[in-house]
Amino acid sequence: MKRHWLVLGVFLLASETSLAGVRIKDITSTYGLRDYQLVGYGLVVGLQGTGDTLRNSPFTEQSLSSMLSRMGVNLNNGPNAPGAPPQMNLMRTRNLAAVMVTASMPPFAAWGTTLDVTVSSLGDASSLMGGTLILTPLTGVDGAVYAIAQGPLAVSGFAVSGQNETLTHGVATVGRIANGATIEKEPPRPSSGDGTLALELHNPDFATSVQITDAINQFTKRRYHAAAAVERDNRTVALRLPPGVHATRFLAEIGDLHVSPSTPAKVVINERSGTVVIGADVQISPVAVTHGGLTLRVTESPQVSQPAPFSNGQTVVTSQTAVTASEPAGQVATLAGPNLKTLVKGLNQIGLKPTDIISILQAIKNAGAMQAEIVVQ
């Protein structure tokens, strides 16, 4: 008997958790907290002959010359005539490539924190595999240097070519350096001097905004004896910090509250891949649907025409064309979907391909029988 009670208790706990909805912190973000995009220009060295062609990528040659000059390497061939430009060596190396380095710095990132960086080829390099990024400063939109990046690249793709064949897998001109950048300057910290905060919904909806407001106020009235949230619009919920409570603690407390978000009825269609995603609230009024296709087949049969014996004619090849047309018998089916399960069952009973289902859904929408929005990607 004790085992049955234990199993029943676990089942009830799972059921309550599944019916509780989702956490507020999973469907919202705090206003003002955003990632800071960083970018930099650098050089990748150590490539096995797969780097930039210096003649075709002059910026790579200029970058190499500038870097070597800063390191005390003189690239001049000798003394120049007065007033004449310096004579540069004709460098033929293919072991380096000019790249753009990008990174995303999270808010509240402290000095010394490491970031992952993405390295992308800028010239005509065929692969960055085996390369090492030279020390590269990463700047923000304000021009300040926030991080520096350096380290060996990890490239998932490869490109191998010969005289008659080329094999490519993935993208060999883009690599990644895990923890390759170190923060040298902390990003600006958002401040709320008046004690106000705001939550932004990932999927704007008026009903969800009201649910979040009610859930927060129910919690704050019980804990702090005052309401702390006001719905501003379908995207934003304004918050006011209770007296003596830090913003970090308050956001952590309300972030674990559960709500049941309301999602609009949508049908997302990707015609390139034949993907159809139907929302749970999509409904279709009863309609009659028939779908058929006309198939035309054209067959070319070559035939040899020979002249009569002992004649001056020539043997020629002629073509015989045969055209056949076939159209399957169309069946009229009644389609209605008061809920997602019934709608999917009706579409499966028709037995159509994804492209045919896309055409039918668009036609039903044009007929006014679909109470949902169609998003075509």
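Note that the structure is predicted; figures quoted are calculated from it, not measured.

The rules behind these values
Residues numbered from 1 in each chain as written. Predicted model: local features only at pLDDT ≥ 70, side-chain atom pairs only at ≥ 80, totals over all residues. Heavy atoms only, no water. Helix = DSSP H or I, 4+ residues; strand = E, 2+ residues; numbered from the N terminus. Contact = heavy atoms within 4.5 Å. Pairing = 2+ DSSP bridges. Axes fitted to C-alpha atoms, helices over the stretch in contact; angles between N-to-C directions. Parallel < 35°, antiparallel > 145°, perpendicular 65-115°, else oblique. Left-handed = near helix turned anticlockwise from the far one by under 90°. Expected span 1.5 Å × (residues − 1). Buried < 20%, exposed > 50% of the residue type's maximum accessible area, 1.4 Å probe, protein only. Arc of directions from axis to C-beta. Core = buried A, V, L, I, M, F, W, Y, C linked by side-chain atoms within 4.5 Å. Salt bridge = Lys/Arg side-chain N within 4 Å of Asp/Glu carboxyl O.

For the protein chain, the helix and strand inventory stands at seven helices and 21 strands. Nonlocal contacts in the protein chain, meaning residues at least 24 apart in sequence, comprise 69% of its contacts between residues at least 6 apart.

Turning our eyes to something else, we now look at the pairing of strand β15 (residues 266-270). Note that β15 and strand β21 (residues 373-376) share four bridges and pair parallel. Looking at β21, one finds that lysine 266 is bridged to glutamate 373. Pairing of β15 with strand β16 (residues 275-278), which is carried by four bridges, proceeds in the antiparallel orientation. Bridge assignment links valine 267 to a residue of β16, and that residue is isoleucine 278. The turn linking β15 back onto β16 is made up of four residues, and glycine 274 within it adopts a positive phi angle of 75°.

A few words now on the sheet that holds β15. The pairing of strands in a sheet happens through backbone hydrogen bonds and is either parallel or antiparallel. One open sheet accounts for three strands, arranged β16-β15-β21; its pairing is mixed. Two strands bound the open sheet, and with one partner strand each, they are β16 and β21. Taken pair by pair, the neighbouring strands of this sheet meet at an average axis angle of 15°, ignoring direction. Lying over the sheet, helix α7 (residues 354-366) contacts β15, β16 and β21, oriented at roughly 135° with respect to β21.

So, about the sheet that holds strand β5 (residues 114-121). Strands sit in the order β3-β4-β5-β10-β7-β6 around a closed barrel of six strands; the barrel is antiparallel. Averaged over all neighbouring strand pairs, the angle between strand axes comes to 30°, with direction disregarded. Its contacts with the sheet place helix α3 (residues 58-70) against β3 (36-45), β4 (96-105) and β6 (132-139), and it is angled at close to 80° to β3.

Attention now goes to the packing of helix α4 (residues 206-223) against helix α5 (residues 247-255). For the pair α4 and α5, the least separation of the axes is 10 Å and the interaxial angle reads 120°. Viewed along their axes, α4 and α5 adopt a mutual orientation that is oblique. When you trace α4 past α5, the crossing you get is right-handed. Here Ile216, Phe219, Thr220 and Arg223 of α4 lie close against α5, whose contacting residues are Phe250, Glu253 and Ile254.

Attention shifts here to α7. Compared with an ideal rise of 1.5 Å per residue, which puts 13 residues at 18 Å, α7 spans 18 Å between its outermost C-alpha atoms and is within 8% of the ideal. Taken as a whole, α7 has its buried residues at Ile357, Ile358, Ile360, Leu361 and Ile364. Each buried residue of α7 sits inside an arc of 165° when the element is viewed along its axis, so together they form one side. Phi turns positive, to about 80°, at glycine 368, one or two residues after α7.

A few words now on unusual backbone geometry. One non-glycine residue with positive phi stands out, namely phenylalanine 108, at about 65°. Structurally, phenylalanine 108 can be placed in the loop between β4 and β5. The backbone of asparagine 179 shows a phi angle near 55°, a positive value even though the residue is not glycine. Tracing the backbone through its elements, the reader meets asparagine 179 in strand β10 (residues 174-183).

Bringing the nonpolar core into the picture now. One finds Val119, Leu133 and Leu138 to be the most contacted residues of the largest nonpolar core, which totals 26 residues. Residue assignment for this core shows that the elements contributing at least two residues are β3, β4, β5, β6, β7 (145-152) and β10. Examining the composition of this core, we find that five residues originate from one element, β4, more than from any other. If near-sequence neighbours (up to four positions away) are discounted, valine 119 is found in contact with Val44, Val99, Met100, Val101, Leu128, Leu133, Leu153, Thr173, Val174, Gly175 and Ile177. Membership of the second largest hydrophobic core comes to 19 residues, among which are Ile27, Ile216, Phe219 and Ala247.

A separate point is the pattern of salt bridges. Counted by the stated rule, this structure contains four salt bridges. Taking the shortest distance from any N to any O, the salt bridge between aspartate 256 and lysine 25 comes out at 3.3 Å. You can see aspartate 256 sitting in the loop between α5 and β14 (258-259) and its partner lysine 25 sitting in helix α2 (residues 24-27), a full 231 residues away along the chain. The class for lysine 25 is partly exposed, based on a relative accessible area of 44%. Here glutamate 253 makes a salt bridge to arginine 223, at a shortest N to O gap of 3.3 Å. Remark: arginine 223 occurs in helix α4 and glutamate 253 occurs in helix α5; sequence separation between them is 30 residues.

Among the secondary structure elements, leucine 135 is positioned in strand β6. Spatially, the C-alpha atoms of leucine 135 and alanine 181 are 9.4 Å apart, while their sequence positions differ by 46 residues. Ignoring sequence-local partners within four residues, the contact set of leucine 135 consists of Ile148, Ala149 and Gln150.

Remember, this is a structural readout, not a statement about activity or role.
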